[in-house]
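# Breakdown of the fold
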Amino acid sequence: MADMESRTIVITVDGSEHSQRAFNWYVKHLMRPGVDIVYLIHIADQVSLPVVSAESPLSFPKDVWVEKLTTRAKKIEELRDHYESKLQQLKLRTSGKGGFISEEATSGFPGQQVCEFVQKKNADIVVMGNRGLGKIKRTFLGSVSDYVLRNSGVAVMIVPPTAE
């Protein structure tokens, strides 16, 4: 495999069964250990933090903030540990390249942020799961996978939900 050209793969992950299915699909169908540079991008949801306390309206709800932010950080760390161990097991962790990246959501829509990451890393392909939204829900709610497909400028593999 030494003569194979490396390629940069971006896989979106969020802790859902859909992102796990996309990762598994990559492993089964596309993976080239020692050749691929794999980035697992996680866009961390913005946390809704109250400005006042319901119990004491004149005080700052510090305890609520600490609890919500700590819970969120723990979930991100668990996700990082899960995927970093998989990258190590599959020999996909190249020193200094690839790995799990969690970014704070900077806009209301993660699709734009995924596309910016794809461009920044000069990715060759994006692999992502799909929740299987119906046409009406997708039209009104929007779909991250649709957005990335139309705006990333690279090949996008959208792994659909399994048929039940």
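Everything below is about the structure printed above this text.
Residues numbered from 1 in each chain as written. Predicted model: local features only at pLDDT ≥ 70, side-chain atom pairs only at ≥ 80, totals over all residues. Heavy atoms only, no water.

With that settled, the discussion passes to the overall build of the protein. Broken down by element type, the protein carries 5 helices and 5 strands. Mapped from its N terminus to its C terminus, the protein presents α and β elements in the order β-α-β-α-β-α-β-α-α-β. A burial count over the protein gives 36% of its 164 residues as buried. Put simply, 75% of the contacts in the protein that link residues at least 6 apart link residues at least 24 apart. Within the structure as shown, the protein displays about 10200 Å² of accessible surface, and the carbon and sulfur contribution to it stands at 53%. (Helix = DSSP H or I, 4+ residues; strand = E, 2+ residues; numbered from the N terminus. Buried < 20%, exposed > 50% of the residue type's maximum accessible area, 1.4 Å probe, protein only. Contact = heavy atoms within 4.5 Å. Areas by Shrake-Rupley, 256 points an atom, 1.4 Å probe, with all protein chains shown as cover.)

Turning to the pattern of salt bridges, a few remarks are in order. This structure, assessed with the given rule, holds 5 salt bridges. Note that Arg-7 and Asp-36 form a salt bridge whose closest N and O atoms lie 2.6 Å from each other. Placement of the pair is Arg-7 in strand β1 (residues 7-12) and Asp-36 in strand β2 (residues 36-44), with a sequence separation of 29 residues. Residue class for Arg-7 comes out buried when judged on its relative accessible area of 19%. Judged by relative accessible area, which is 1%, Asp-36 ranks as buried. In this structure, the salt-bridge partner of Lys-120 is Glu-103, at a minimum N-O distance of 3.6 Å. Of the two residues, Lys-120 sits in helix α3 (residues 110-120) while Glu-103 sits in strand β3 (residues 99-104), which places them 17 residues apart along the sequence. (Salt bridge = Lys/Arg side-chain N within 4 Å of Asp/Glu carboxyl O.)

It is at 13 Å that the axes of helix α1 (residues 17-29) and helix α2 (residues 62-89) come closest, and there the two elements cross at 10 degrees. One element, α1, and the other, α2, form an angle in the roughly parallel class. Within the contact between the two elements, α1 uses Ser-19, Gln-20 and Phe-23 and α2 uses His-82, Tyr-83, Lys-86 and Leu-87. Of the residues that constitute the contact of α1 with α2, the class distribution is 3 nonpolar, 3 polar and 1 charged. (Axes fitted to C-alpha atoms, helices over the stretch in contact; angles between N-to-C directions. Parallel < 35°, antiparallel > 145°, perpendicular 65-115°, else oblique. Nonpolar A, V, L, I, M, F, W, Y, C, P; charged D, E, K, R; others polar.)

Turning next to the sheet that holds β1. Strand order in the open sheet made by the 5 strands is β3-β2-β1-β4-β5, with parallel pairing throughout. Among the strands making up the open sheet, the edge pair consists of β3 and β5 (155-159). Pairwise comparison of adjacent strand axes, ignoring direction, gives a mean angle of 25 degrees for this sheet. Bridging between strand β4 (residues 125-129) and β5 involves 5 bridges; their strand directions are parallel. Considered in β5, the bridge of Val-126 is made with Val-156. Most of the contacts of α1 go to β4, to which it runs at about 135 degrees, and overall it touches β1, β2, β4 and β5. Relative to the sheet, α2 contacts β2 and β3, its axis offset from that of β3 by approximately 160 degrees. (Pairing = 2+ DSSP bridges.)

A separate point is α1. In this model, α1 (13 residues) spans 18 Å end to end at C-alpha, consistent with the 18 Å of a helix rising 1.5 Å per residue. Taken together, the buried positions of α1 are occupied by His-18, Ser-19, Gln-20, Arg-21, Ala-22, Phe-23 and Tyr-26. Buried residues belonging to α1 abut β1, β2, α2, β4 and β5. (Expected span 1.5 Å × (residues − 1).)

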